[in-house]
4 protein chains.
Amino acid sequence: MEAYQSGRHFLQIPGPSNLPERIARAISRSTIDHRGPEFVQLTHSLLERLGTIFATENPIIVYPSSARGAWEAALVNTLSAGEHVLFCDSGHFATLWSNVANNLGLEVERLTGDWRLGVDPSAVEARLSEDREGRIKAVALVHNETSTGVVNEIAAIRQAIDNAKHGALFMVDVVSSVGSMPYLHDEWQVDVTVAGSQKGLMLPPGLGFTAISSKALAATQTAQLPRSYWDWNAVLSFNERGLFPYTPATNLLFGLDEALTMLFEEGLESVFSRHKRLASAARAAVRGWDLTLYCLNQAAYSPTLTGVLMPDGHDADAFRRTVLDRFNMSLGTGLGQVKGQLFRIGHLGDLNELMLAGTLSGVEMGLQLCDIPHRPGGITKALDYLVRH
Amino acid sequence: MEAYQSGRHFLQIPGPSNLPERIARAISRSTIDHRGPEFVQLTHSLLERLGTIFATENPIIVYPSSARGAWEAALVNTLSAGEHVLFCDSGHFATLWSNVANNLGLEVERLTGDWRLGVDPSAVEARLSEDREGRIKAVALVHNETSTGVVNEIAAIRQAIDNAKHGALFMVDVVSSVGSMPYLHDEWQVDVTVAGSQKGLMLPPGLGFTAISSKALAATQTAQLPRSYWDWNAVLSFNERGLFPYTPATNLLFGLDEALTMLFEEGLESVFSRHKRLASAARAAVRGWDLTLYCLNQAAYSPTLTGVLMPDGHDADAFRRTVLDRFNMSLGTGLGQVKGQLFRIGHLGDLNELMLAGTLSGVEMGLQLCDIPHRPGGITKALDYLVRH
Amino acid sequence: MEAYQSGRHFLQIPGPSNLPERIARAISRSTIDHRGPEFVQLTHSLLERLGTIFATENPIIVYPSSARGAWEAALVNTLSAGEHVLFCDSGHFATLWSNVANNLGLEVERLTGDWRLGVDPSAVEARLSEDREGRIKAVALVHNETSTGVVNEIAAIRQAIDNAKHGALFMVDVVSSVGSMPYLHDEWQVDVTVAGSQKGLMLPPGLGFTAISSKALAATQTAQLPRSYWDWNAVLSFNERGLFPYTPATNLLFGLDEALTMLFEEGLESVFSRHKRLASAARAAVRGWDLTLYCLNQAAYSPTLTGVLMPDGHDADAFRRTVLDRFNMSLGTGLGQVKGQLFRIGHLGDLNELMLAGTLSGVEMGLQLCDIPHRPGGITKALDYLVRH
Amino acid sequence: MEAYQSGRHFLQIPGPSNLPERIARAISRSTIDHRGPEFVQLTHSLLERLGTIFATENPIIVYPSSARGAWEAALVNTLSAGEHVLFCDSGHFATLWSNVANNLGLEVERLTGDWRLGVDPSAVEARLSEDREGRIKAVALVHNETSTGVVNEIAAIRQAIDNAKHGALFMVDVVSSVGSMPYLHDEWQVDVTVAGSQKGLMLPPGLGFTAISSKALAATQTAQLPRSYWDWNAVLSFNERGLFPYTPATNLLFGLDEALTMLFEEGLESVFSRHKRLASAARAAVRGWDLTLYCLNQAAYSPTLTGVLMPDGHDADAFRRTVLDRFNMSLGTGLGQVKGQLFRIGHLGDLNELMLAGTLSGVEMGLQLCDIPHRPGGITKALDYLVRH
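Just so we're clear, the structure is a prediction, and the values are computed from it rather than from any experiment.

(A) Here's a closer look at the interface of chain B and chain D. Across the boundary between the two partners, chain B contributes six residues, which contact six residues of chain D. For the pair chain B and chain D, the summed buried surface comes to about 480 Å²; carbon and sulfur atoms form 37% of the total. On the chain B side of the contact with chain D, Glu21, Arg25 and Ser30 of chain B bury the most area, a combined 75% of that side's loss. Summed over the shared surface of chain B and chain D, the number is zero salt bridges. There are two residue pairs in polar contact (both at pLDDT 80 or more) connecting chain B and chain D. Considered class by class, the residues forming the side of chain B that touches chain D number no nonpolar, two polar and four charged.

Quick look at the structure:
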């Protein structure tokens, strides 16, 4: 039995992000008939506005699923068993996505690199250039690695593919980036963009998204992987009439409606610069504590989360437990190869300076309580940054 | 632009059912860390109590998906491409499920019968007896046909399979029955039970369920259909620790928690008898109007919805539109082969006598407004029934 | 311990009315600083729009109080101890208001009449004409008697006062009329209009209102009754700056904001005709049952509630208990001199045809269960009325 | 038009306090019949549990009103026009309460003292000792001065009254103390305790409370001030049956029900020590900034708010505006004689360490942005305190 914890929980994992009360209220609306006229209007309005979020005029699919389902959708709609996919291995979520591909009977190749630097476009170009016979059918990577806080430069990787004159489909996971930092599905000629609801879109988990290029859509004609639930063409055909081929997650769609309203009220540019500024403040705190940022590439710092390495001999998860028990705050765990060594501070979604300051204060107190070697006062570095910028 | 409609919407489709305000509030709770201790407790508590709902001691899987996803899960976890599934064709949803199987590359055989009578156990027995070489790997059917309001007798079909001494897996869709009428996964030796959140469980759509027998679980060892999102073993292994292999639909799980609390507060037996009683009252009204019940088999009347046939020359959907526009009530459309001929009255979930009376009043006024031949006063037959029982 | 009751409660007392979910959500917003700029905007916006509801360009005061407090406010701001107030005795609430006056040390005169007919303007005129020395300082009455469902004609009584050339202040309680039927504070030259939040304004209880004429405001200069909480001048002076002299009931004001939005979305004329139409349907049912309407004056039928007399020897409250226990519906009790003889059906606020039909169905079933002599089928008379109008 | 502000507002005025989401949900429940059996149960349960909060076995009255109304209730139920009340002048709210008394026609005497030290019990004793003829009928003071953050020692003042062998009624305002720090209505022999909902009770504003001694109740027999709405005897007589003499603020009572549940879940002792600890941390920050605490008496530091003096020549309200505009946080203004010189940090209700840290961070950044002379790093002093205690 746990002790009563007063006050608001600080949900500072890199998603799900703190649920804004406007969205909490929106999802509590009475469910409506998913075949009625009000629902049809809702669908059309959502799909149109989602286009702005993904910067695309191409179709977007919304699934009643977690983002993991959208990963699967990207693959089963475009590929056939045994086909070769190049996964740019930038962190745990890139690995997990490649596991999905593997489970589905695809041939997975992992282009390894340094997780702390992000994917190297020239390595992608080199690998694709080697592939003269075009065995690689798709190149997949994660825009913003949720497990580490390293951002990959999608435009540069697009360029790498073009430089290699390679025809592979380009698939990008934007789960923890979309709605929090610039992302241009059309301009960067991404073929399949994969997202979820519970990060920058500020919703609870339960919706998956894929944005699709014409090339990806054409690939459905030849792709042989069995599919039904994830089948794009079925959804698109229903979506034209404002419907879905099966009962959609109506109440989460109410939340999405409100989330889009909020994002446009604030303005996407303001949303992006707010994330960037808060992320800088978080890193100022980490540097102030004399702890080590996981990300070694300044150009790749994530605006939505910061991965922090623990000093040797200190367990990140024990630290996280203390912070949870004592300060009612959830921080992100280290995943995969960095388990125990890293913790993650989520600073995305509906966040502001004081919520971040509370978050960083909780980290600072946790460091002190757990006797983790650090320089006190990192919080003041963050505040300084925020005042000056 | 539609006119303002005052008062509560009557969502009398056979699911999603009217969202109870307790559940609306539950799903508006702040999202929590899906890897934290509070979530772990929630998972264990949900899974344990779901066992009572499905009457099983075997595992239950909860997906962030619509029920359609759970159909797919039932198939991909247990079967291999080209394997033969016998679908007992009892209505539109049975057809849709078989389409899923078809999409996934299974060999579908439809055991046709009279939709208005329900599946004939002896036909099942006869067909399985013919299948001496055991080509049929699974027998699938819908417990309560949501498209028509006809209930199939699962125990009798179980008996038919046993009589035929056939080893096929037994798969049952209980989407619109579970939580509203007795259903016994273990006792009836069902191998895969498929359900959704938005009917008797009173939640918004967005959760899919499968209850699994040991035999079904064993089938995962040999089943070759590609699977990742729907993979039972992955979920079960995470569930043991109170976790999920991917971000679950946390806020809908909060709603599920409250829904289970409500069901047990009322008592499952009371819930079932309430549904039965309200359904009888609805049929009394239909008979009072001198309209025709779609279901011709008295033993197969559905406790959760009533399908009503329109007199010849009258369009059920025009009628439904009038009811929606004039009385702020959604009725169910006819699906598939009964499109336009049938409308459905949903009377499931968190319902009581007066909500039903309002519903039937709306139907009666709609009949009058649309000049549909009928005997007035059906509503009073329903009230009589309710007073006497 | 009471049995679990499924489904929505039907709150069919004549206020509080059924809480619309939009308002439920609005009052659940986070409380804001009642001295901050957002609050100032809210105050100005509310007061301006309330003017439309009361049809006045004069000030309106909103109290954190029940409507009973607003009764008191009307008196203490305008009168002095021992002054004479003529209460037109039209029902229990008129009596209660006169009791308030009595408690406060005013001299109360009750102009009795027939509760079932409503206040007779000529009796008012006659009484005021007698009062040559102007001892009567105020004439007070209830617009729509919530205890009986009889409407008094305010314009005619205004005319009666004018005919008598009497200078008394004119005070009108519109608790169960405002927002549900036409009311014209300025045009009818009412000096103090008293209202509450929980009826036609669709809010929970907790706000009281007074609309004030210039004459009433001038009376504050000479009125000697002690006052502080209810003091108009203090509130008006703060309201000018968008503030209140003490902490207002902020969350109910959020609800009021939404309620006003809803009323204007529907349009006041539509709101009024909806109430009138539903009330006619309710009376059609009562006549159908061959029960007796309390109101004997056809011109005085209330659009917001219907008082129904029980046949001799039958207790209205026993009947109401049965309806509550069996059908999860609250009906209004008989108050004061009609206790046990009368029950009231509230049909006001955010209501529609099917909610009313459910309500009337509950009454019909209750009559039957309690063996109260009646003609069955009243509900169908209501439905007939609704279809034809 | 104000800029969009992302994230949660920090409502750090000394009440209303941040609305906990559990209470937000509770007040959004559907309103129920205030004369029905469910309501009766609610009333009894609330009144019983409120006794624990006020530490009394005597009756407690709950008004649909702001706390200002409860001030008035305390006076009108126990006193007669022209009677003498001694107000211990400890801050703006003490002044306001005495103004209420003055408005109501009571004779007000203000016992002045140093606001920064709190009420001096010996001064009370001296004054009462002089009053040999017993002209002073009541001694009134504020337990925790919301305008300054200075706590008066109620037990000592009780002792002072006893020492003076004076029979005056003892009236105490606990608006910003009850539920946040120990308060013992019975043990300290307070005759009337006055409270509101929106501070330590964590509700939105809209409920006023008075706890009453037998002596106070007896005083109603002789008290001549006119009263109706505030009349204790009327309420008590209805409360016995679980009812109220007029429509109560039902939805706020739902919130009160939840608030009491929360307070008892955490445990009152834990609630009190949490407030004390957070207040100490806040003062550590103030001292860290080298700013001046308004309260000069260490024994009188408030656990619920901290009043901070601005350096000469700096306007507290300009500072507050900056903090609101830039950091989405409301701080308390200086009231009355300290307008512009003082700001107040509320740290009461449903608060925790990180919410406080965010609050103090906002203050620190505001000080810097407004060029207010201070020593940076006060926030770290607060964190140090919290880690060590």
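What follows continues from the structure just given.
(B) Layout of the relation of the copies chain B and chain D. Mapping chain B onto chain D calls for a rotation angle of 180° and an axial translation of 0.0 Å; the resulting RMSD is 0.0 Å. Both copies are brought into coincidence by an operation consistent with a two-fold rotation axis. Every residue of chain B has its C-alpha some distance from the rotation axis, and the shortest such distance is that of Arg25 of chain B, at 3.1 Å. A share of 100% of the interface residues of chain B reappears at the interface of chain D, consistent with the copies meeting face to face through the same patch.

(C) Spotlight on the interface of chain B and chain A. At the interface, 54 residues of chain B touch 53 residues of chain A. Both sides of the chain B and chain A interface together cover about 3,900 Å² of buried area, and 60% of this is carbon and sulfur. Between the two partners, chain B and chain A, sit eight residue pairs in polar contact (both at pLDDT 80 or more). Secondary-structure elements contributing two or more residues to the side of chain B that touches chain A are helix H1 (21-27), helix H2 (37-54), helix H3 (67-76), helix H4 (92-103), helix H9 (250-266), helix H11 (316-327) and strand E13 (329-331) of chain B. In terms of residue class, the side of chain B that touches chain A is built from 25 nonpolar, 18 polar and eleven charged.

(D) Quick peek at the side chain of Asn18 of chain A. Residues and elements named next belong to chain A. Tracing the backbone shows Asn18 in the loop between strand E1 (10-12) and helix H1 (21-27). For Asn18, the side chain forms a polar contact with the main-chain nitrogen of Leu11, separated by 3.3 Å. Side chain to side chain, Asn18 and Gln12 meet in a polar contact 2.9 Å long. Apart from residues no more than four positions distant in its own chain, Asn18 is found in contact with His9, Phe10, Leu11, Gln12, Asp350, Leu351 and Met355.

(E) Structural detail: the packing of aromatic side chains. Summed over all chains, the structure comprises 42 aromatic pairs over all chains. Arranged with centres 5.7 Å apart and planes meeting at 75°, the rings of Phe87 of chain C and Trp97 of chain C form a pair that is edge-to-face. Note that Phe87 of chain C is positioned in strand E3 (residues 84-89) and Trp97 of chain C in helix H4 (residues 92-103), a separation of ten residues in sequence. Taken as a pair, Phe87 of chain C and Trp97 of chain C share a single burial class, namely buried. Clustering of aromatic rings is evident, with ring pairs tying together Tyr63, Tyr229, Trp230 and Tyr246 of chain A together with Tyr63, Tyr229, Trp230 and Tyr246 of chain B. Here the guanidinium or amino end of Arg116 of chain B rests over the ring plane of Tyr294 of chain B, the centre of that ring lying 5.3 Å away.

Conventions used here
- Residues numbered from 1 in each chain as written.
- Chains lettered and ligands numbered in written order.
- Predicted model: local features only at pLDDT ≥ 70, side-chain atom pairs only at ≥ 80, totals over all residues.
- Heavy atoms only, no water.
- Contact = heavy atoms within 4.5 Å.
- Buried area = accessible area lost by both parts, 1.4 Å probe.
- Salt bridge = Lys/Arg side-chain N within 4 Å of Asp/Glu carboxyl O.
- Polar contact = N/O pair within 3.5 Å; in protein donor to acceptor, adjacent residues only side chain to side chain.
- Nonpolar A, V, L, I, M, F, W, Y, C, P; charged D, E, K, R; others polar.
- Least-squares fit on C-alpha atoms with pLDDT ≥ 70 in both.
- Helix = DSSP H or I, 4+ residues; strand = E, 2+ residues; numbered from the N terminus.
- Phe/Tyr/Trp six-rings, centres within 6.5 Å; stacked < 30°, edge-to-face > 60°.
- Buried < 20%, exposed > 50% of the residue type's maximum accessible area, 1.4 Å probe, protein only.
- Lys NZ or Arg CZ within 6 Å of the ring centre and 35° of its normal.

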